[in-house]
Amino acid sequence: MKTFSHLKVLIIDDASIVVVTLKSMLIKIGFNDRLISYCSSSRASIQLARQESYDLILCDYNLGRSMNGKQVFEEMKYHDLLHEKSTFVLITGESSSTVVHSIIELKPDDYLLKPFNVLSLKERVSAAISRKHALYQLYHAQSKHLYEEGVELCDELLPFYPEYHFTIARFKGEFLNRLQLHDESKKLYESILERKDYDWATIGLANSLMHLGEKKAAHGMINKLLASKPNSTVLRTAAANLSLINNEIPTAIRHFELASKIVRGNSERELVICNLCLAVGDYQNALERYRIYMEINKETYRNTVFAKINLIRVILYSCYNCSAEENVARLNEAKSLYSQIIGMKEAAKLQVELDLILAHIAMEEKQYSLAIGKLNQVHRQLNLAHFYPLHQFAWLLNHMNFDTEFTKIIPKCSEIIQRKQSENVYASQITMLNQLQQANTEKLLWLESKHQYIKANKMTLTELLKIYIEINNRCPFLQSVCMSIIKLLARRLPRDADIKMLLRVVNQCDTVIRQLVEPSELEKADYDQLYNSIVDNYTEV
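The rules behind each value
- Residues numbered from 1 in each chain as written.
- Predicted model: local features only at pLDDT ≥ 70, side-chain atom pairs only at ≥ 80, totals over all residues.
- Heavy atoms only, no water.
- Helix = DSSP H or I, 4+ residues; strand = E, 2+ residues; numbered from the N terminus.
- Buried < 20%, exposed > 50% of the residue type's maximum accessible area, 1.4 Å probe, protein only.
- Contact = heavy atoms within 4.5 Å.
- Areas by Shrake-Rupley, 256 points an atom, 1.4 Å probe, with all protein chains shown as cover.
- Lys, Arg positive; Asp, Glu negative; His and termini not counted.
- Charge placed at Lys NZ, Arg CZ, Asp CG, Glu CD.
- UniProt positions renumbered as here; feature names shortened; annotations may be inferred.
- Pairing = 2+ DSSP bridges.
- Axes fitted to C-alpha atoms, helices over the stretch in contact; angles between N-to-C directions.
- Domains from an automatic or database assignment.
- Phe/Tyr/Trp six-rings, centres within 6.5 Å; stacked < 30°, edge-to-face > 60°.
- Lys NZ or Arg CZ within 6 Å of the ring centre and 35° of its normal.
- Salt bridge = Lys/Arg side-chain N within 4 Å of Asp/Glu carboxyl O.

Considering the overall build of the protein chain
- Secondary structure assignment for the protein chain yields 26 helices and five strands.
- Oriented by its inertia axes, the alpha-carbon framework of the protein chain measures out at about 95 × 50 × 40 Å.
- Counting only residues that meet the buried cut, the protein chain has 51% of its 541 residues in that class.
- Within the protein chain, residue pairs in contact and separated by at least 24 positions form 63% of the contacts whose partners lie at least 6 positions apart.
- Element-wise, carbon and sulfur atoms account for 50% of the exposed surface of the protein chain, whose accessible area totals about 26,700 Å².
- Within the protein chain, the 63 negative side-chain charges are centred at a point lying 2 Å from the centre of the 65 positive side-chain charges.

Brief notes about the UniProt feature "modified residue: 4-aspartylphosphate" (unreviewed entry) in the protein chain
- Within this structure's numbering, the places UniProt gives as "modified residue: 4-aspartylphosphate" (unreviewed entry) are D60.
- As for its placement among the helices and strands, D60 is situated in strand β3 (residues 56-60).
- Judged by relative accessible area, which is 7%, D60 ranks as buried.

Thoughts on the sheet that holds strand β4 (residues 87-92)
- Spatially, the five strands line up as an open sheet ordered β2-β1-β3-β4-β5, and their pairing is parallel. Bordering the open sheet on either side are β2 (36-39) and β5 (110-113), each of which pairs with just one other strand. Direction aside, neighbouring strands of the sheet carry axes that sit 20 degrees apart on average.
- In this structure, β4 lies alongside β5, joined through four bridges in parallel fashion. For L90, the partnering residue across the bridge sits in β5 and is Y111.
- Along the sheet, helix α1 (residues 16-28) makes contact with β1 (9-12), β2, β3 and β4, crossing β1 at roughly 155 degrees.

Some remarks on the domain arrangement of the protein chain
- With domains assigned, the protein chain is organised as domain 1 (1-144), domain 2 (180-262) and domain 3 (458-540).
- The C-alpha centroid of domain 3 is placed 69 Å from the C-alpha centroid of domain 1.

Considering the packing of aromatic side chains
- One pass over the full model with this rule turns up 18 aromatic pairs.
- Each member of the aromatic cluster is reached from another via a ring pair, and the members are Y139, Y147, F171 and F175.
- Between K85 and the ring centre of Y136, over which it is positioned, the NZ or CZ distance is 4.7 Å.
- When the ring centre of Y426 is taken as origin, the NZ or CZ atom of R419, which lies over that ring, is 4.5 Å away.

What about the pattern of salt bridges?
- Tallied over the entire structure, the rule returns 24 salt bridges.
- D109 serves as the salt-bridge partner of K132, at 3.2 Å between the closest nitrogen and oxygen. Of the two residues, K132 is situated in helix α5 (residues 118-143) and D109 in the loop between α4 (97-106) and β5; the sequence distance between them amounts to 23 residues. With respect to class, K132 is no different from D109; both count as buried.
- Among the charged side chains, a salt-bridge network with shared partners connects D13, D60 and K114.

Written out as C-alpha cells, the structure is:
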C-alpha cells in the first residue's frame, strides 16, 4: 500500500481532542482530509457505516456508557458493514493485560496502545492495510465459512506473499481444523513449529493430536504453556476445548471461568459456560452466566427475542430441584418475561417456541395435563428451527418419561446444530446433547435394573415400597409406579414409617394419577377408595 490518499477513514472516539489529533496525524501520513469522517458514539458509528463504506476505521476501546469498541467491531461484522478490504484498528489507553487480552480475543486487524506518534501510527496502519489487502480473500473465506475454498486460497496466495507465510499458515490450520482434516493440520503445525515457536501453532498441534487420540501429548503441550502463561485466555480456551474433547466437562468449565475472570465481557464465553453448566445439571450457575450474557449484550445485535426466550428457558431449568421459595420467584419471573414477549410483533411467528415455554411452566406448576397437551401441540407441529428449543423439548420429554418420543427427537437436535458457528459454541451444544442422551440412557438402564430386581426377589411390602419410592423420586411421571405406591399404601402403612415423607409421595402420586390417568381406568381400579383408605390411615396415625 504506497498511498493512502484515496482511502475513506472513520474515527470513532468520544474525546474531541483525540479526534483532532488523530485526524492531524492521518493527514501527515498521506490521508485525504476530505475523506476522513468522525463520530463520538458507538450508535453514530454504526449509522455512518450503514451509509458509507470505509476503508479504515480507527475506534477507541472505551466509548462511555454505550457499546465499547469491541462491541462496535462485532456489530459491524454482524451487519456486514465492513467491506472485504476494510481495516479495523482498535485504540486504547489501557495497557493492562485484561484489555490487551480482550482485544487479542476479538481479532481486529490491529490495535494501538496510547500514546503513539505519527511514525508508529503510520507503521502499524500501513502494515495492517497492506496485510488486509493482500489476504482479504482469506478473511472472506473465514467469515463465510468457506473452508475448502480457504485451503485452496492459502496454497495459491503463499508464493505471492512470502512475507505473510505464517499468517497464511495460521489461516490454513484453522480451515483444516474446521474440515476435521486433523492429519493434515498436524503436519502443518509441526512444520511451523520447526521454524518458529508460536503459541497458536502449539495450540493447533495439541488440538490435532487430541482429535487423533494422542491425548497425553496434547495435554502436555497445553499444560506446559499454561505453566508459563497462566493468565492467557487463549490458552485457557485451548485447555477447555481439549477437556471437552476428552469429556471432562467440569474441568472445561473451570478453564472457561478462569478465562472470564481474566477478561470480562466476552459474551460468547458466557454463553458457552451457561451451555456447559446446563449440560451437567448446574442450573443455578447456568442462570447466573446467562444473566451476565444478557447484560453484556443489552445494546447489541444479540439482544433479540430469541435471547429473551432463551433466558426464560434457563430460568425454568433453574427451577429444577431449587427451594420452594426460589421456585415461586423464578416462575413469576418466567411468566412476566413470557407476557412481555407475547406483546412483541415477532411473537406470532414463534408460537411453537412459546407453547414449549408454557409446557415447561405448566410442568413446574404441577399442571401436568396442560403440560402434556402443550407438548403434544409442539410435537404435532415440530416447527423448531433452532437448537435451544429442540434441546428444551428433548429435556422435557426425558424428564416426563416420554422416552420413545425422546429417542425420535434426538437426531433432529443433532442435525440442527450448526457446524459453521463458533467452535466453542458448537462444542458446548454438542456436549449438551451428548449429556442429555447419556442421562436418558442411564435412566433407562437404571429403571431396567430395578425392574429386574423386583422380578427376581421376594420382598416384604416395606422393601417393595422403598424401591417404588426410589423409582418415583427419579421418575415421578411413571403412572404405573405411582399407582403401585398408592395400592401398596392402601393395604397398610409400613412399620416405623416416615409419615411426612410418605404423605409427600402420596400427594405427588395422586396429582400425577388424577391428571394423567383416564377416568375409566381410575374407576376400574376403584382409585378413590384406595386413596381414601390411605388418608384414613394417616388420620389414625
